[in-house]
Amino acid sequence: MKITLLVVGKTQTKYLNEAIQEYEKRLKHYLSFEVIVIPDIKNNKNQNQIQQKEKEGEEILKYIDKNDHIILLDEKGTEFTSLKFAEFLEKKMLESNKKIVFIVGGPFGFSEKVYKISKEKLSLSKMTFSHQMIRLLFIEQVYRAMTIIKGQPYHHE
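Residues numbered from 1 in each chain as written. Predicted model: local features only at pLDDT ≥ 70, side-chain atom pairs only at ≥ 80, totals over all residues. Heavy atoms only, no water.

**Focus on the overall build of the chain**
Okay, so step 1: Each helix and strand in the chain was counted, giving 5 helices and 5 strands.
Okay, so step 2: Secondary structure elements of the chain, listed N to C terminal, follow the sequence β-α-β-α-β-α-β-α-β-α.
Okay, so step 3: Here the chain has a C-alpha radius of gyration of 15 Å; the compact-globule value for 157 residues is 15 Å, and the two agree.
Okay, so step 4: For the chain, the C-alpha atoms occupy an extent of roughly 50 × 35 × 25 Å along the three principal directions.
Okay, so step 5: Split into buried and exposed, the 157 residues of the chain put 41% on the buried side.
Okay, so step 6: In the chain, 85% of the contacts between residues at least 6 apart in sequence involve partners at least 24 apart.
Okay, so step 7: Counting every atom, the chain has about 9,300 Å² of accessible surface; 49% of that belongs to carbon and sulfur. (Helix = DSSP H or I, 4+ residues; strand = E, 2+ residues; numbered from the N terminus. Rg over C-alpha atoms; globule rule 2.2 N^0.38 Å. Buried < 20%, exposed > 50% of the residue type's maximum accessible area, 1.4 Å probe, protein only. Contact = heavy atoms within 4.5 Å. Areas by Shrake-Rupley, 256 points an atom, 1.4 Å probe, with all protein chains shown as cover.)

**Considering the nonpolar core**
Okay, so step 1: Counting 29 residues, the largest nonpolar core has I3, L5, L27, F85, F102, F138 and I139 as the members making the most contacts within it.
Okay, so step 2: Among the secondary structure elements, those contributing two or more residues to this core are β1 (2–8), α1 (14–27), β3 (69–79), α3 (82–95), β4 (100–104) and α5 (131–149).
Okay, so step 3: Ranked by the residues each element gives to this core, the list is headed by α5, at 8 residues.
Okay, so step 4: The contacts of F85, once residues within four sequence positions are left out, are F80, L122, F138, Q141, V142 and A145. (Core = buried A, V, L, I, M, F, W, Y, C linked by side-chain atoms within 4.5 Å.)

**Brief notes about the packing of aromatic side chains**
Okay, so step 1: Following the criterion strictly, the structure yields 9 aromatic pairs and no others.
Okay, so step 2: Relative to Y154, the ring of Y143 has its centre 4.8 Å away and its plane inclined at 80°; by these criteria the two rings are edge-to-face. A residue pair is termed long-range when its members are at least 10 positions apart, and Y143 in helix α5 and Y154 in the segment after α5 qualify at 11 residues.
Okay, so step 3: With relative accessibility at 11%, the residue Y143 sits in the buried group.
Okay, so step 4: Through a chain of ring-to-ring contacts, the aromatic side chains of F80, F85, F88, F102 and F138 assemble into a single cluster.
Okay, so step 5: Stacked on the ring of Y143, the Lys or Arg R26 has its end atom at 5.3 Å from the ring centre. (Phe/Tyr/Trp six-rings, centres within 6.5 Å; stacked < 30°, edge-to-face > 60°. Lys NZ or Arg CZ within 6 Å of the ring centre and 35° of its normal.)

**A few points about the sheet that holds β1**
Okay, so step 1: Spatial strand order, β2-β1-β4-β3-β5: 5 strands in an open sheet with parallel pairing. Where the open sheet ends on each side, the last strands, each with one partner, are β2 (32–38) and β5 (120–123). Between one strand and the next, the sheet's axes are offset by a mean angle of 30°, whatever the strand orientation.
Okay, so step 2: Of the pairings in the sheet, the one linking β3 to β5 comprises 5 bridges and is parallel in character. Following the sheet pairing, E79 is matched in β5 by S123. (Pairing = 2+ DSSP bridges. Axes fitted to C-alpha atoms, helices over the stretch in contact; angles between N-to-C directions.)

See below:
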């Protein structure tokens, strides 16, 4: 099973990058995991939010294979506890050999084309986080889920 985190725009903050890289390194012991960064589509005076989402959506679609299982990180998505997220991931891993692609959109969300290809939506919180911060939070939760699945002492309840 392979999990990909597809994100729009680079993480600029050094300490976030270092933490993301640390969890990526830890995850390699459990599964194939990669982060793909799509360059930012700069908002300019000639583009409205819908146009920017459409351009980002076109770029996102370039990285998607028809067999991928697409899950959007979206504020209107399903929320899980860490244990339930681990169950969710384990079920997805057992269901199929498909690659699971989690997508973090740009600052204005996703285009309709991206919503149409998604199978599910996942929310990490009712709170709003920066797109850079959500990457770290998500990768840590995937790592936590893998330790739960493997019965290792990282998560405490």
